[in-house]
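Summary of structural features
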Amino acid sequence: MLRAGVSPDYLTYPFLVKASSRLLKWELGVAVHAHVMKTEFESDKFILNSLIHMYASCGDIVYARKVFDGMLIRNLVSWNAMLDGHAKCGDVISARGVFELMPERDVVSWSSLIDGYVKNGKYREAISVFEKMCGSGPKANEVTMVSVLCACAHLGALEQGRMMHQYIINNGLRLPLVLQTSLVDMYAKCGAIAEALNVFHGVRMSRTDVLIWNAIIGGLATHGLVKESLELFTEMQIVGITPDETLDTQILVGAAVALVAIGAGAVYFYSSNKPKESSECESESETRERVTPPPSGG
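Residues numbered from 1 in each chain as written. Predicted model: local features only at pLDDT ≥ 70, side-chain atom pairs only at ≥ 80, totals over all residues. Heavy atoms only, no water.

**With respect to the overall build of the chain**
Scanning the chain from N- to C-terminus turns up 16 helices and zero strands. A total of 298 residues make up the chain; the buried ones form 39% of that total. Across the chain, the fraction of contacts at a sequence separation of at least 24, relative to all contacts at a separation of at least 6, is 58%. For the chain, the accessible surface area stands at approximately 17200 Å², while carbon and sulfur atoms represent 59% of it. (Helix = DSSP H or I, 4+ residues; strand = E, 2+ residues; numbered from the N terminus. Buried < 20%, exposed > 50% of the residue type's maximum accessible area, 1.4 Å probe, protein only. Contact = heavy atoms within 4.5 Å. Areas by Shrake-Rupley, 256 points an atom, 1.4 Å probe, with all protein chains shown as cover.)

In structure tokens:
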């Protein structure tokens, strides 16, 4: 394009920056940014928003923040990009700081903060933010629910997970495969295998992928249902899904759990039924003394 003497415009640069972000090519993004600075588009908020996202995606949150702070005019996309950038880089404190300063928030803002907490293992904080969102924010979407269900799964919070499922139903949210997988995973990790199977069997086999099979088979195996997990493993291969290393590991762990449980049961049974020789002999001796009449004197 440049060799042909055609100059990029305000539509060209965001595509180039997005490509750099997808490829995680920080050097390429910097080169595009340098080219933008030589044009009249250096203050274009759409280009700057894409630069914030690119730098954050490449792990350079410092320069992402520098671009953000240097913007004369910010819109909601600018704030969301900076919030999401901090969250993805693991700095949930700064992400929360951006969130609190936002002049307005949409579902993307709330979802980014919730996801940031989940990705950093702060599951209770994620659920707390969701509850505030339900009280004063916009209606959650499928992306929000995936993150919240993940938090419930890690906490083993079955009742809250059921409430999230009901929220999805009550609000008429779509059920893409990723959300169905999250429901299966949550129920399985919380020990509600029947409910996990119910969600799983509600998905058409032609729509399934290895992730949802991993969730249900891993859940069965983890809870010692090795036979059932192996049956589903066979069914998965019949429908043409290729297992991955994660699934193989889960089945092995499940088998190990089952063997340990069997071993513990055998030890318990043996110890409960093992003859207690000394004590029993003493008891019998005492019994004989009590029931045997003394010899008669002659």
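From this point, things continue past the structure.
**Some details on helix H5 (residues 76-88)**
In a regular helix each residue adds 1.5 Å, so 13 residues correspond to 18 Å; H5 covers 18 Å between its end C-alpha atoms and thus fits that length. With respect to burial, H5 is a largely interior element, 11 of its 13 residues being buried. Buried within H5 are the following residues: Leu76, Ser78, Trp79, Asn80, Ala81, Met82, Leu83, Asp84, Gly85, His86 and Ala87. Considering only its buried residues, H5 is in contact with helix H3 (45-57), helix H4 (61-69), helix H6 (92-101) and helix H7 (107-119). (Expected span 1.5 Å × (residues − 1).)

**A closer look at the environment of Ser128**
Tracing the chain through its elements places Ser128 in helix H8 (residues 123-136). A residue is classified by how much of its surface remains accessible, and Ser128, at 30% relative accessible area, is partly exposed.

**Looking at the environment of Asp60**
Residue position: Asp60 is located in the loop between H3 and H4. Each C-alpha atom of the pair Asp60 and Gly85 lies 9.1 Å from the other, and the pair is 25 residues apart in sequence. With near-sequence residues (within four places) excluded, Asp60 lies in contact with Trp26 and Tyr55. Within the local environment of Asp60, its side chain forms a polar contact with the side chain of Trp26, the two groups lying 3.0 Å apart. (Polar contact = N/O pair within 3.5 Å; in protein donor to acceptor, adjacent residues only side chain to side chain.)

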